[in-house]
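What the coordinates show
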Amino acid sequence: MVTLLYFASLRERLDCAREEIALPAGTPTVGGVVETLRARDGRWSDAFAPGRAWRVAVNQRMADLATPLKPGDEVAFFPPVTGG
Amino acid sequence: MVTLLYFASLRERLDCAREEIALPAGTPTVGGVVETLRARDGRWSDAFAPGRAWRVAVNQRMADLATPLKPGDEVAFFPPVTGG
Amino acid sequence: MARVRVQQEPFDAGREIAELTRGRRDVGAVATFVGMVRDANEGAAVSRMSLEHYPGMTERALEEICAEAAGRWDLLDVRVVHRVGPLEPGDAIVLVAVASAHRGDAFAACEFIMDYLKTRAPFWKKELTPGGERWVEARSSDDEAASRWSGGGRG
Amino acid sequence: MARVRVQQEPFDAGREIAELTRGRRDVGAVATFVGMVRDANEGAAVSRMSLEHYPGMTERALEEICAEAAGRWDLLDVRVVHRVGPLEPGDAIVLVAVASAHRGDAFAACEFIMDYLKTRAPFWKKELTPGGERWVEARSSDDEAASRWSGGGRG
């Protein structure tokens, strides 16, 4: 299992702040998780459609589709940041 | 007459903070005043020798040798500034 | 070296600067940036704002940005304070203060930290405008500002 | 727009920043620089310092530097405070604070004002070192820093 977190506009659009999902089969990566999310209903496939601007962090560090995952990882999805 | 002011290391070296002198003859400029000062004893000719780093302001604005002078002007000589 | 805080409460810029330099005699320059909420953004009036963040990652990201600045310039100390929660126009959002022996290092590091914070630290702003609430969109100008630094040294 | 002061007394950086932004809702960025007396300079220990200036010209030069900055960048307000008289290591010498809608303008103008102040405002430092009193020599690095701006915009 990995923990998925969603922040800001992405959390509101998906109406989900946090969930646990099974690790994708094979060599699990962020890309595998994104495929799982895209396979869900329209809200989810829209939010993660290719070309959409979102960012991902694994265990609180910026990551990308190729970042490998292991059980217990915290994977966070969020829009481009706007602090400061 | 014009008022000459000296600041910082130049004031100490010349042992003079302020004096009044007659305007140089002809079309008076800062350069004419500097010639007058260079004609004085060694302390003065040293301080204003060619190649010495000094700055001049006329009526509290940065000036140079070509700046024209009129009666009553305030001409200040000082070393390169070191504030901030 | 860096001290990083995320908090709801207002901060006192003068106190942050004073604490950065207290008892020190080797600091020649302190460059400070304070970011504030404006009453207008992207052509709309802004009456309120709220700032969300990713607790844990925020602090880590800010620490890493400060560490990267300390690796690029000669710094004596760094302080970053970022507020979250509800804010109003005129409120201060963020403070970055950098102490160094010389002003070039302090200015460059302060601007670098702000540019990187704007693109790498997980904060998100939501504004209340006459048209309702809206999430602030990231600006490409912020990406460009951050990319200035990728060649190393000043852009 | 600019407010310029030359004084013997210490200043409070937080208060200067607060006064620059009090009641305003259009300020998005305040960049502040504070210069301080270090306990070492040019390889010698410094135990005391005194700052001489040219009363009248000093204020005028600072006002002109601020006006030039306001002509180059979009600024909302500027404050410059410079101390004169006796100072000790750890004391603040100068404060430059710039308020703008956006951080790029605030940072650039603050650094520009400091660079120009260092080469154009009539202040002179005298240090007390173990070898006695000495006038601080102007640095060519300060001339170079100021000359960065002569092409207009950022160097």
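Residues numbered from 1 in each chain as written. Chains lettered and ligands numbered in written order. Predicted model: local features only at pLDDT ≥ 70, side-chain atom pairs only at ≥ 80, totals over all residues. Heavy atoms only, no water.

1. Focus: the overall build of chain A
If you tally the helices and strands in chain A, you get three helices and five strands. Listed by position from the N terminus, the elements making up chain A come as β-α-β-α-α-β-β-β. In terms of overall dimensions, chain A is globule-like: its C-alpha atoms have a radius of gyration of 12 Å, near the 12 Å expected for 84 residues. The principal-axis extent of the C-alpha atoms belonging to chain A is close to 35 × 30 × 20 Å. Among the 84 residues that make up chain A, the fraction classed as buried is 50%. (Helix = DSSP H or I, 4+ residues; strand = E, 2+ residues; numbered from the N terminus. Rg over C-alpha atoms; globule rule 2.2 N^0.38 Å. Buried < 20%, exposed > 50% of the residue type's maximum accessible area, 1.4 Å probe, protein only.)

2. Side note on the interface of chain C and chain D
The interface of chain C with chain D comprises 35 residues on the first partner and 35 residues on the second. For the pair chain C and chain D, the two sides together bury roughly 3,000 Å², of which 53% comes from carbon and sulfur. Linking chain C with chain D are 11 residue pairs in polar contact (both at pLDDT 80 or more). Where the side of chain C that touches chain D is concerned, the elements lending two or more residues are α1 (13–21), β2 (29–36), α3 (103–120) and α4 (140–147) of chain C. For the side of chain C that touches chain D, the element with the most residues is β2(C), which contributes eight residues. (Contact = heavy atoms within 4.5 Å. Buried area = accessible area lost by both parts, 1.4 Å probe. Polar contact = N/O pair within 3.5 Å; in protein donor to acceptor, adjacent residues only side chain to side chain.)

3. Structural notes on the pattern of salt bridges
Close approach of charged atoms allows side chains of opposite charge to pair. Per the counting criterion, the structure on display carries 44 salt bridges over all chains. With a shortest N-O distance of 2.3 Å, Arg11(A) and Glu52(C) are connected by a salt bridge. Here the residue Arg11(A) occupies a position in helix α1 (residues 8–14), and Glu52(C) occupies one in strand β5 (residues 48–53), the pair thus bridging two chains. Close ionic contact of Lys70(A) with Asp73(A) constitutes a salt bridge, the shortest N to O distance being 2.8 Å. (Salt bridge = Lys/Arg side-chain N within 4 Å of Asp/Glu carboxyl O.)

4. Side note on helix α2 (residues 57–72) of chain D
Helix length check: α2(D), at 16 residues, gives a terminal C-alpha distance of 23 Å against a target of 22 Å (1.5 Å per residue), a fit within 8%. Inspection of α2(D) places Met57(D), Thr58(D), Ala61(D), Leu62(D), Ile65(D), Cys66(D) and Ala69(D) among the buried residues, and these make up the whole buried set. (Expected span 1.5 Å × (residues − 1).)

5. A word on the relation of the copies chain C and chain D
Least-squares fitting of chain C to chain D yields an RMSD of 0.0 Å, with the transformation described by 0.0 Å of translation along the axis and a rotation of 180°. What the superposition gives is, in effect, a two-fold axis relating one chain to the other. Of every C-alpha in chain C, the one belonging to Gly14(C) sits nearest the axis of rotation, 1.7 Å from it. Of the residues that chain C buries at the interface, 100% are likewise interface residues in chain D, meaning the two copies contact each other through the same surface. (Least-squares fit on C-alpha atoms with pLDDT ≥ 70 in both.)

6. Re the sheet that holds strand β2 (residues 18–21) of chain B
Sheet strands line up and pair through hydrogen bonds in the backbone, either parallel or antiparallel. The five strands lie next to each other as β2-β1-β5-β3-β4 (chain B), forming an open sheet whose pairing is mixed. The sheet is open, and its two edges are formed by β2 and β4 (61–63) of chain B, each paired on a single side. For this sheet the average axis-to-axis angle between neighbouring strands, irrespective of direction, equals 30°. Of the strand pairs in this sheet, strand β1 (residues 2–6) of chain B and strand β5 (residues 74–78) of chain B are connected by four bridges, and their pairing is parallel. The residue of β5(B) that forms the bridge with Thr3(B) is Glu74(B). Set on the sheet, α2(D) makes contact with β3 (55–58), β4 and β5 of chain B; between it and β4(B) the angle comes to about 90°. (Pairing = 2+ DSSP bridges. Axes fitted to C-alpha atoms, helices over the stretch in contact; angles between N-to-C directions.)

7. Details of the interface of chain A and chain C
Many descriptions give the size of an interface as the accessible area lost when the pieces come together. Taken together, the contacts link 20 residues of chain A with 27 residues of chain C. Carbon and sulfur atoms make up 55% of the surface buried where chain A meets chain C, a total of about 1,900 Å² over both sides. Counting across the interface, chain A meets chain C through three salt bridges. Note that Lys126(C) is salt-bridged to Glu12(A), the shortest N-O span being 2.4 Å. At the junction of chain A with chain C, the criterion picks out 15 residue pairs in polar contact (both at pLDDT 80 or more). Those elements giving two or more residues to the side of chain A that touches chain C turn out to be α1, β4 (61–63) and β5 (74–78) of chain A.

8. What to know about the packing of α3(C) against helix α3 (residues 103–120) of chain D
At their nearest, the axes of α3(C) and α3(D) sit 11 Å apart, and the two run at 180° to each other. When the interaxial angle is binned, α3(C) and α3(D) end up roughly antiparallel. Two secondary-structure elements touch here, α3(C) through Arg103(C), Phe107(C), Cys110(C), Glu111(C), Met114(C), Asp115(C) and Lys118(C) and α3(D) through Arg103(D), Phe107(D), Cys110(D), Glu111(D), Met114(D), Asp115(D) and Lys118(D). Partitioning the contact of α3(C) with α3(D) into residue classes produces six nonpolar, no polar and eight charged. (Parallel < 35°, antiparallel > 145°, perpendicular 65-115°, else oblique. Nonpolar A, V, L, I, M, F, W, Y, C, P; charged D, E, K, R; others polar.)

9. Examining the arrangement of the chains
Most contacts, compared over the three pairs of chains touching, are made between chains C and D. Chain A shows no contact with chain B. Their nearest C-alpha atoms sit 29 Å apart. Separating chain A from chain D is a minimum C-alpha gap of 10 Å, and the two share no contact.

10. Observations concerning the sheet that holds strand β7 (residues 85–87) of chain C
All names here are of chain C. Across the sheet, four strands lie side by side as β7-β5-β9-β10; this open sheet has antiparallel pairing. The open sheet terminates on both sides in strands that have one partner only, identified here as β7 and β10 (132–135). Direction aside, neighbouring strands of the sheet carry axes that sit 25° apart on average. Relative to β10, strand β9 (residues 123–129) runs antiparallel, the two being bridged by four bridges. Counterpart to Thr129 in the pairing with β10 is Gly132.

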